[in-house]
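The lines below spell out each chain.
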Amino acid sequence: IAAVTGTNANEGVAALRLAIVDMLLDKGADADKEEMYPMAVDAIIRAAVFNHLDCLRKFEAAMTPEAIKNALNDKPAVNGLTTLHDSVLRAATGVSTYLDQIRWARGLGASPDIPEHTGRTQRDFAAAAFVTDGRRENAAGVWEALDVGPAPKPYSTFNYENLTFLTIPDMVSD
């Protein structure tokens, strides 16, 4: 897990990170083993959080298709956010490199309909981006990468101009 924690400050760090992942996998490390930390996440979720798609592809190569699919859909105890939840949330903030990670995960069977601990799915997070300041401009790209069909219907921001009021007369007669 430590090998995929943190950002790549430069190409040298990225190359070193990949070399460490290769070495650990060659020695039999299990990318799906949960840490003994309160968060209880595995290296796959950590790599997804830090946008290490190159490491995720190495994990994929070391696992069976069923094992990687199950790992992508795993809900850690801490918050229930799968790799796809994390990727959708980060892509919605404008980090476009997460879009490739979303497509990769979906191609391997990551589900867009797994509720996290508060009941929100990856699809819900992507739909919410369409109406959230700071995420609207990225919403269409996230939705496309998630590949769940037509985008949700556009919503208009609440204002009094789009309301219709019922007028009640001063006197009601029989």
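Residues numbered from 1 in each chain as written. Predicted model: local features only at pLDDT ≥ 70, side-chain atom pairs only at ≥ 80, totals over all residues. Heavy atoms only, no water.

**Student:** Describe the confidence of the model for the chain, with residues and values.
**Tutor:** Across the chain, pLDDT averages 87, with 87% of residues at or above 70. The low-confidence segment residues 162-169 (pLDDT under 50) makes 4 contacts with residues lying over four places distant or belonging to another chain. (pLDDT = per-residue confidence, 0-100. Contact = heavy atoms within 4.5 Å.)

**Student:** Now, about the packing of aromatic side chains: what can you tell me, with residues and values included?
**Tutor:** A complete count under the given rule lists 1 aromatic pair for this structure. Judged by centre distance (6.1 Å) and plane angle (70°), the rings of phenylalanine 130 and tryptophan 143 are edge-to-face. Taken together, the residues span a long stretch of sequence, with phenylalanine 130 in the loop between helix H7 (122-129) and helix H8 (136-146) and tryptophan 143 in helix H8 at a distance of 13 residues. Owing to a relative accessible area of 24%, phenylalanine 130 belongs among the partly exposed residues under this scheme. A relative accessible area of 7% places tryptophan 143 in the buried class. (Phe/Tyr/Trp six-rings, centres within 6.5 Å; stacked < 30°, edge-to-face > 60°. Helix = DSSP H or I, 4+ residues; strand = E, 2+ residues; numbered from the N terminus. Buried < 20%, exposed > 50% of the residue type's maximum accessible area, 1.4 Å probe, protein only.)

**Student:** Go over the nonpolar core with me, naming the residues and quoting the values.
**Tutor:** One finds Ile44, Leu56, Phe59, Val88, Ile102 and Val142 to be the most contacted residues of the largest nonpolar core, which totals 37 residues. Those elements that place two or more of their residues in this core are helix H1 (11-26), helix H2 (43-49), helix H3 (53-62), helix H4 (65-72), helix H5 (83-92), helix H6 (97-107), H7 and H8. The contacts of isoleucine 102, once residues within four sequence positions are left out, are Leu84, Ser87, Val88, Ala91, Val142, Ala145 and Leu146. (Core = buried A, V, L, I, M, F, W, Y, C linked by side-chain atoms within 4.5 Å.)

**Student:** I'd like a rundown of a nonpolar patch on the surface, residues and numbers included.
**Tutor:** A cluster of nonpolar side chains, Leu16, Ile20, Met23 and Leu24, forms an exposed patch at the surface whose accessible area comes to about 340 Å². Residue position: methionine 23 is located in helix H1. Residue class for methionine 23 comes out partly exposed when judged on its relative accessible area of 42%. (Patch = residues over 30% accessible without salt bridge, like charges linked within 9 Å, V, L, I, M, F, W, Y side chains within 5 Å. Areas by Shrake-Rupley, 256 points an atom, 1.4 Å probe, with all protein chains shown as cover. Salt bridge = Lys/Arg side-chain N within 4 Å of Asp/Glu carboxyl O.)

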